[in-house]
Amino acid sequence: MKLDTSPTPPTALKRRLSTEQLGRSRTDDYAWLKAANWQAVMEDPTRLPADIRSHLEAENAYTKAVTAPIADLSKTIFEEMKSRLEPLEEGIPEPDGPYAYGHRYREGDQHGVYTRYPRDASFWPAADPDRTHEEILLDADALAAGFRGYFDLGDVETSPDHAWVAFTVDRQGSERFAIFVKPASAPLSEAKPIGIVNAKPGLVWARDSRTLFWVVVDENQRPFEVRAKAFDADGDGRLVYREADPGFFVSVSESDSLDWIEISAHNHTTSEIWRVDAHKPDGPPLCFAPRVDGVEYSLHEQGNSTYILTNRDGAVDFQIMRCLHCEPEGSNPDAPEWVPFVPHRPGTLILGLSAYKHFLVSLEREDALPRIRIYDMREGSVPPETQQVVSFDEPAFAIGLRDSAEYDTTHIRFSYSSPTTPSSLYAYDMAAKNSRGDRTLLKRQSVPAGHNPADYETRRIHITARDGATVPVTLLMRAGTKADGSNPCLLYGYGSYGITIPAGFSTSTLGLVDRGFVYAIAHIRGSMARGYQWYLDGKGAVKTNTFNDYVDAGRALAELGWTSRGKLVAHGGSAGGLLVGAALNQDPDLFAGIVAAVPFVDALNTMSDATLPLTPPEWPEWGNPLEDAGAYDNILSWSPYDNITSGDLPPVLATAGLTDPRVTYWEPAKWVAKLRDHQTGDAPILLKTNMEAGHAGESGRYDRLKERALEYAFAIAVSE
């Protein structure tokens with residue numbers, strides 16, 4: 001099956017812009033695609049200038065014409081994806097006080113309903129098929145029907161007294177959310193806006209069940225303030241915290257014990273936490289420990305101590321420290337020191353820590369495989385025999401540790417899956433005396449269209465990168481697939497911010513694998529697959545290691561026979577789009593095609609524009625080309641938009657969201673126009689812009705599958 005190469009692509013006008021920066025010059029023919037009023041467009045897409053709108057619509061028409069031969073395949077893949085989702089999917093309600101809270105989908109639902117039951121387990125869904133005891137707190141599909149166009153439900157939070165429900169809604173895809181509140185037992189019609197329309201999605205209730213805390217977004221889309229007010233009060237709320245440094249983002253959350261409202265100011269490498277007494281929400285925030293460049297920490301109260309997950313004192317892969325009767329630094333000149341509790345273990349990355357009344361629980365990763373470690377604190381000390389480790393034996397798998405709504409509990413929940421094994425949700429009794437704890441299966445993901453794990457095979461291989469580094473790669477394929485070079489392969493990667501792609505189960509990928517694809521995930525540097533140092537070895541001045549690892553993984557898959565050159569499709573989104581864009585420049589002949597979803601490809605220009613939402617906070621990741629000539633030269637050396645060379649390029653499918661505040665629409669638009677300038681072959685270079693959505697594309701459960709279905713249909717077409 002082929003794409004239609006007969007339509008003529010749009011030709012973007014060239015309006016050369018020259019920039020002088022740090023004694024260096026660069027030119028850009030397509031800078032005009034960035035709307036001068038881009039902030040206004042984020043709020044109201046109808047304000048997009050006519051010439052830019054005309055060009056993006058022409059690109060969409062061209063993409064539709066070129067992909068017309070695969071439209072039926074795309075629809076078929078979408079229906080297959082849809083058929084693998086439980087139409088009546090329902091989670092296991094989570095206990096919280098007198099209730100158990102849950103979420104479920106009715107047939108055809110895009111967003112589902114939020115529910116609660118009396119805590120008694122006998123009233124939960126399995127024992128209550130008629131839902132006699134179910135209470136619907138929020139019907140999200142009915143809510144969405146009241147808004148035209150885009151709809152994204154950000155957060156749903158019930159007050160501590162269980163009387164109120166607060167929720168946030170984004171109506172543009174620009175990630176500016178409005179806040180609403182309704183009585184928990186009242187119909188949706190009683191939901192009222194509280195006058196806040198420029199918030200991030202997350203909400204936190206104070207313990208008085210009246211006061212809400214939220215994060216405010218500024219005119220440049222940056223979360224920079226925390227405000228609070230009684231939900232039924234007038235006005236914009238009381239200013240609790242304002243961040244003066246545009247390089248730091250702000251977030252707000254609850255502490256593990258629920259006694260504190262925690263305000264985090266952070267970038268990718270440094271953090272600072274301020275705390276407000278959740279029982280006295282009008283009180284001032286107190287800084288726990290002032291920021292130190294390169295030091296990250298999080299706080300977890302257990303017993304009479306605060307346990308701190310941190311990389312302080314050179315703990316590259318993080319350690320757990322303890323502070324007895326700890327107070328905010330500066331409030332007590334004789335405050336106790338932080339002392340090691342779980343010392344740093346190089347190569348074992350502590351990803352997260354949760355505290356409970358009698359236990360500490362950490363999530364770790366070693367050589368790209370996760371595990372849960374539980375510390376029993378009931379005896380006041382933690383000798384090795386009081387530790388429990390939760391892990392599994394497959395060659396590649398993913399574990400997700402669920403947050404609990406309750407602090408005084410002996411039970412945690414975690415999910416487990418592998419590329420071949422659907423997700424399972426377990427309850428684990430931390431107080432059990434046996435070596436494995438009391439592990440209870442609560443729910444196993446069903447695949448209505450049918451799924452037999454024995455029909456598939458997962459492998460974890462290691463390839464050697466050009467500088468000798470060993471890079472893990474996870475493979476999923478049909479059982480019995482031969483390494484004879486005949487297989488098409490989709491190679492997925494990300495490789496930035498320390499984000500590690502888990503080797504978990506995805507119903508979406510099965511449509512590719514069932515059609516003979518090998519699906520591969522490259523756990524490259526820039527992620528934390530092999531520890532925090534693995535991240536450091538793929539950022540800043542050594543960012544090219546990320547791109548080299550990915551290209552070397554693709555070459556190795558061909559050399560090992562899992563695919564062959566020209567049958568490999570590159571796939572990445574956001575910073576993963578940067579990855580595949582750089583890989584395209586480095587070895588275009590390796591790839592049958594490139595799928596770049598909302599790709600961050602214009603790195604030098606974006607990192608040189610301090611007004612953009614993510615630019616100052618991301619200078620620690622990429623470097624600051626406004627002030628550092630070395631950073632300028634480094635970014636220039638790999639930025640996909642700045643390193644395109646003429647040649648017979650493979651087909652490219654790029655996507656964008658008009659109101660995307662993370663990767664702005666003009667990055668892929670400019671990149672596609674410039675790629676066409678350098679294309680000497682006849683393979684199409686395509687751009688599909690969602691004119692009513694942002695970074696995440698469509699928000700509905702099923703609608704978001706349509707975009708992935710097109711990407712996979714494109715991958716199949718170009719690899720034949």
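Residues numbered from 1 in each chain as written. Predicted model: local features only at pLDDT ≥ 70, side-chain atom pairs only at ≥ 80, totals over all residues. Heavy atoms only, no water.

Caption draft 1: Summary view of the overall build of the protein chain. Broken down by element type, the protein chain carries 13 helices and 38 strands. Taking 27 Å as the expected radius of gyration for a compact globule of 720 residues, we find that the protein chain reaches 26 Å, a close match to that expectation. Dimensions of the protein chain, computed from C-alpha atoms along their principal axes, come out at roughly 70 × 55 × 55 Å. Taken across its 720 residues, the protein chain has 58% of its residues classed as buried. When the accessible area of the protein chain is evaluated, it comes to approximately 27700 Å², of which 50% is carbon and sulfur surface. (Helix = DSSP H or I, 4+ residues; strand = E, 2+ residues; numbered from the N terminus. Rg over C-alpha atoms; globule rule 2.2 N^0.38 Å. Buried < 20%, exposed > 50% of the residue type's maximum accessible area, 1.4 Å probe, protein only. Areas by Shrake-Rupley, 256 points an atom, 1.4 Å probe, with all protein chains shown as cover.)

Caption draft 2: Region of interest: the sheet that holds strand β3 (residues 94–96). Taken together, the four strands give an open sheet; going across it, the order is β3-β4-β5-β6, and neighbouring strands pair in antiparallel fashion. One side of each edge strand has no neighbouring strand; the edge strands of this open sheet are β3 and β6 (135–139). The mean angle between the axes of side-by-side strands here comes to 25 degrees, regardless of whether they run parallel or antiparallel. (Pairing = 2+ DSSP bridges. Axes fitted to C-alpha atoms, helices over the stretch in contact; angles between N-to-C directions.)

Caption draft 3: Focus on unusual backbone geometry. A positive phi angle is found at Ser209, which is not glycine, with a value near 60 degrees. By the element assignment, Ser209 lies in the loop between β11 (199–205) and β12 (211–217).

Caption draft 4: Quick peek at the pairing of strand β25 (residues 369–376). For β25, a buried count of seven out of eight residues is recorded, marking the element as mostly surrounded by other parts of the structure. The antiparallel pairing of strand β24 (residues 359–366) with β25 creates a hairpin that spans two residues between the two strands, and Asp367 there sits at a positive phi of about 50 degrees. Summarising the sheet, β25 and strand β26 (residues 387–390) pair through four bridges and their orientation is antiparallel. What sits directly across from Ile374, in β26, is Gln388.

Caption draft 5: View of the packing of aromatic side chains. Across all of its chains, the model carries 27 aromatic pairs by this definition. With 5.4 Å between their ring centres and 5 degrees between their planes, Phe167 and Phe180 make a pair best called stacked. In this pair, Phe167 is assigned in strand β8 (residues 164–170) and Phe180 in strand β9 (residues 178–183), connecting sequence segments 13 residues apart. Here Phe167 and Phe180 have matching classes, each one buried. Of the aromatic side chains, those joined through ring pairs into one cluster are Phe392, Phe397, Phe414, Tyr416, Tyr426 and Tyr428. A cation sits over an aromatic face here: Lys674 above Tyr641, 4.5 Å from the ring centre. (Phe/Tyr/Trp six-rings, centres within 6.5 Å; stacked < 30°, edge-to-face > 60°. Lys NZ or Arg CZ within 6 Å of the ring centre and 35° of its normal.)

Caption draft 6: Expanded view of the environment of Ala454. Counting through the fold element by element, Ala454 comes out in the loop between β30 (438–444) and β31 (456–464). Residue Ala454 is classed as exposed on the basis of its relative accessible area, which comes to 58%. Sequence separation between Ala454 and Arg478 is 24 residues, and the spatial gap between their C-alpha atoms is 8.9 Å.

Caption draft 7: Highlighting the nonpolar core. Ranked by internal contacts, the top residues of the largest apolar core, which has 78 residues, are Leu48, Leu56, Leu475, Tyr550, Tyr665 and Trp671. Counting residues per element, this core draws most heavily on helix α8 (residues 575–586), which supplies seven residues. Residues contacting Leu56, with those up to four places away along its chain left out, are Leu48, Leu658, Tyr665, Ala669, Leu687, Thr689 and Met691. Counting 37 residues, the second largest nonpolar core, distinct from the first, contains Leu510, Phe517, Val595 and Tyr712. (Core = buried A, V, L, I, M, F, W, Y, C linked by side-chain atoms within 4.5 Å. Contact = heavy atoms within 4.5 Å.)

Caption draft 8: Representation of the pattern of salt bridges in the model. A full pass over the atoms with the stated rule returns 47 salt bridges. The salt bridge partner of Asp109 is Arg106, with a shortest N-O separation of 2.9 Å. When its relative accessible area of 6% is taken as the criterion, Asp109 is described as buried. Owing to a relative accessible area of 26%, Arg106 belongs among the partly exposed residues under this scheme. Residue Arg291 pairs with Glu243 through a salt bridge whose shortest N-O separation is 2.8 Å. (Salt bridge = Lys/Arg side-chain N within 4 Å of Asp/Glu carboxyl O.)

Caption draft 9: Region of the structure containing the sheet that holds strand β27 (residues 398–401). Spatially, the four strands line up as an open sheet ordered β27-β28-β29-β30, and their pairing is antiparallel. A strand with exactly one partner marks an edge of an open sheet, and here the two such strands are β27 and β30. When the angles between neighbouring strand axes are averaged without regard to direction, this sheet yields 25 degrees. As defined by bridge partners, strand β28 (residues 411–417) adjoins strand β29 (residues 424–429) across six bridges and the pair is classed as antiparallel. Among the inter-strand pairings, Ile412 is bridged to a residue of β29, identified as Tyr428.

Caption draft 10: Here's a closer look at helix α7 (residues 544–559). Taking 1.5 Å per residue as the helical rise, α7 with its 16 residues ought to reach 22 Å, and the 22 Å between its terminal C-alpha atoms agrees with that figure. The buried count for α7 comes to 13 of 16 residues, which makes it a mostly enclosed element. One or two positions beyond α7, positive phi appears at Gly561, with a value near 90 degrees. (Expected span 1.5 Å × (residues − 1).)

Caption draft 11: Local environment of the pairing of β29. The buried fraction of β29 amounts to six of the six residues, a majority that puts the element mostly inside the structure. Here β29 shows a buried face lined by Ser424, Tyr426 and Tyr428 and a second buried face lined by Leu425, Ala427 and Asp429. Counted along the chain from β28 to the antiparallel partner β29, the turn is six residues long. In this structure, β29 lies alongside β30, joined through six bridges in antiparallel fashion. Among the inter-strand pairings, Leu425 is bridged to a residue of β30, identified as Lys443.

Caption draft 12: Main features of helix α11 (residues 629–638). Considered for burial, the residues of α11 that qualify are Ala631, Tyr632, Asn634, Ile635 and Trp638. Looking at the packing, one finds that the buried side of α11 touches β1 (17–21), β2 (24–28), α7, α8, α9 (603–607) and α10 (615–622). Between a side-chain oxygen at the N-terminus of α11 and the backbone nitrogen of Gly630 the separation is 2.8 Å; the capping residue is Asp628. (Polar contact = N/O pair within 3.5 Å; in protein donor to acceptor, adjacent residues only side chain to side chain.)

Caption draft 13: Fine view of the packing of helix α3 (residues 71–83) against helix α13 (residues 703–719). At a closest axis distance of 8 Å, the pairing of α3 and α13 adopts a crossing angle of 125 degrees. Accordingly, the angle class assigned to the pair α3 and α13 is oblique. Between α3 and α13 lies a crossing whose hand is right-handed. Contacts from Leu73, Ser74, Ile77, Phe78, Met81 and Lys82 in α3 reach Leu705, Lys706, Arg708, Ala709, Leu710, Tyr712, Ala713 and Ile716 in α13. (Parallel < 35°, antiparallel > 145°, perpendicular 65-115°, else oblique. Left-handed = near helix turned anticlockwise from the far one by under 90°.)

Treat this as a map of the structure, not an account of what it does.
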